[in-house]
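Understanding the architecture of this molecule
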Amino acid sequence: MRRLVLRTIRDGYWEVLRRQQQAAKVPIMFGTNANEGSIITSLNVNYDQYLKKNFPVAMHADIKQKYPVGPEKKYKSDFEAVEAIETDVGFTCVTSGESQSSAASGYRKFSNICMPTHLRILLLIVVATWRYFFNASYPNTQIFPGSGAYHSSEIRYVFGNLADGSTDEQKKLSRTVQKAWADFAKDPAAGPGWDRVGDGEASLGNFVQSGDMVPSSPGQVDQWCDYWRTLGVVRY
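The present account deals with the structure reproduced in this document. Residue numbers restart at each chain and count upward from 1, following the sequence in its written direction. Reporting in this predicted model follows two pLDDT cut-offs: at least 70 for local features of residues, and 80 or more for side-chain atom pairs to be given and counted; totals over whole chains, interfaces and linings ignore these cut-offs and use all residues. Hydrogens and waters are ignored; side-chain quantities use all the structure's heavy atoms.

Details of the nonpolar core
- Within the largest apolar cluster, 22 residues are counted, with the highest numbers of intra-cluster contacts made by Y47, Y50, F55, I63, Y67, I85 and W228.
- Secondary structure follows DSSP: runs of H or I at least 4 residues long count as helices, runs of E at least 2 residues long count as strands, and numbering of each begins at the N terminus. Only α2 (47-54), α3 (57-66), α4 (78-103) and α7 (225-230) provide two or more residues apiece to this core.
- The biggest single contributor to this core is α4, with eight residues.
- What we call a nonpolar core is a set of buried Ala, Val, Leu, Ile, Met, Phe, Trp, Tyr and Cys residues that are connected through their side-chain atoms within 4.5 Å. Categorising residues by exposure relies on relative accessible area from a 1.4 Å probe, with only protein chains included: less than 20% of the type maximum marks a residue as buried, more than 50% marks it as exposed, and the intermediate range marks it as partly exposed. Counting 20 residues, the second-largest nonpolar core is a separate cluster that includes M29, A149, W194 and V221.

Right under this line is the structure:
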């Protein structure tokens, strides 16, 4: 029996197709988690060796200034700092750029208003872009100590597949996430419950430890994205 091999075929850069309005005219919701890079970062990583392997020497001091390590610093270990860099470069800043590119594409489409046929009119609507940030982690969902809100850790809350011993906050979080996803599916133009990208300050749906969704500005999450773009490390 022959083995079936499925591969992706690139038909162009997504953000270019979206900007040229050659992609599907449908609302989109992007999202990332707070610690996407934790599962691809070695627990024993050495910060200096990581920088030497991945970035020119001239960038090392600047990166360390933005991602400092120490007892009184934002990051307490080499692992935390490297994980934050991997999260920003590989996930957060890419999604930030893609969502902004999508929102700036100027997509519009005509939609039938539900009225009697003889009164039917067309409404020009914006094809909106939405963005979320999942920032909640609990002891019973950690795949190792310090894994945080790792890649795909939000999925269990979307489907309500909660771990044994889940707290009231986790149950609330699942209901909150499910409502946002369902609201988007039912009425994508109205959105999941926060401002769409490019329309208002609170354009990031931030799912937090308490189980709530807090509409937020993306500024803090995207703090170093312009830096990485300027250096060409992030394309978008």
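What follows continues from the structure just given.
Quick word on the pairing of strand β6 (residues 213-216)
- Pairing between strands is defined by DSSP: at least two bridges between them are needed. As defined by bridge partners, strand β5 (residues 204-208) adjoins β6 across four bridges and the pair is classed as antiparallel. Across the sheet, G205 pairs through a bridge with P215, a residue of β6.
- Hairpin geometry of β5 and β6 is characterised by an intervening segment of four residues between the two adjacent antiparallel strands and by a positive phi of about 95° at G211.

What to know about the layout of surface pockets
- In this analysis, the protein atoms alone were mapped onto a 1 Å grid. Cavities are point sets where a 1.4 Å probe fits without being able to get out; pockets are open sets with protein on both sides within 12 Å along at least five of seven lines; lining residues have an atom within 4 Å of a point. Grid points are joined across faces, edges and corners, and a volume is the space filled by probe spheres set on the points. Within this model, the largest pocket holds a volume of roughly 580 Å³.
- Along the walls of the largest pocket sit 23 residues, with A34, N35, K74, Y75 and A84 positioned nearest its centre.
- Only α4 and β4 (129-135) provide two or more residues apiece to the lining of the largest pocket.
- For the lining of the largest pocket, the leading source of residues is α4, giving seven residues.
- Tallied by class, the residues present in the lining of the largest pocket amount to seven nonpolar, 12 polar and four charged. Nonpolar residues are Ala, Val, Leu, Ile, Met, Phe, Trp, Tyr, Cys and Pro. Charged residues are Asp, Glu, Lys and Arg, and all others, Gly as well, are polar.

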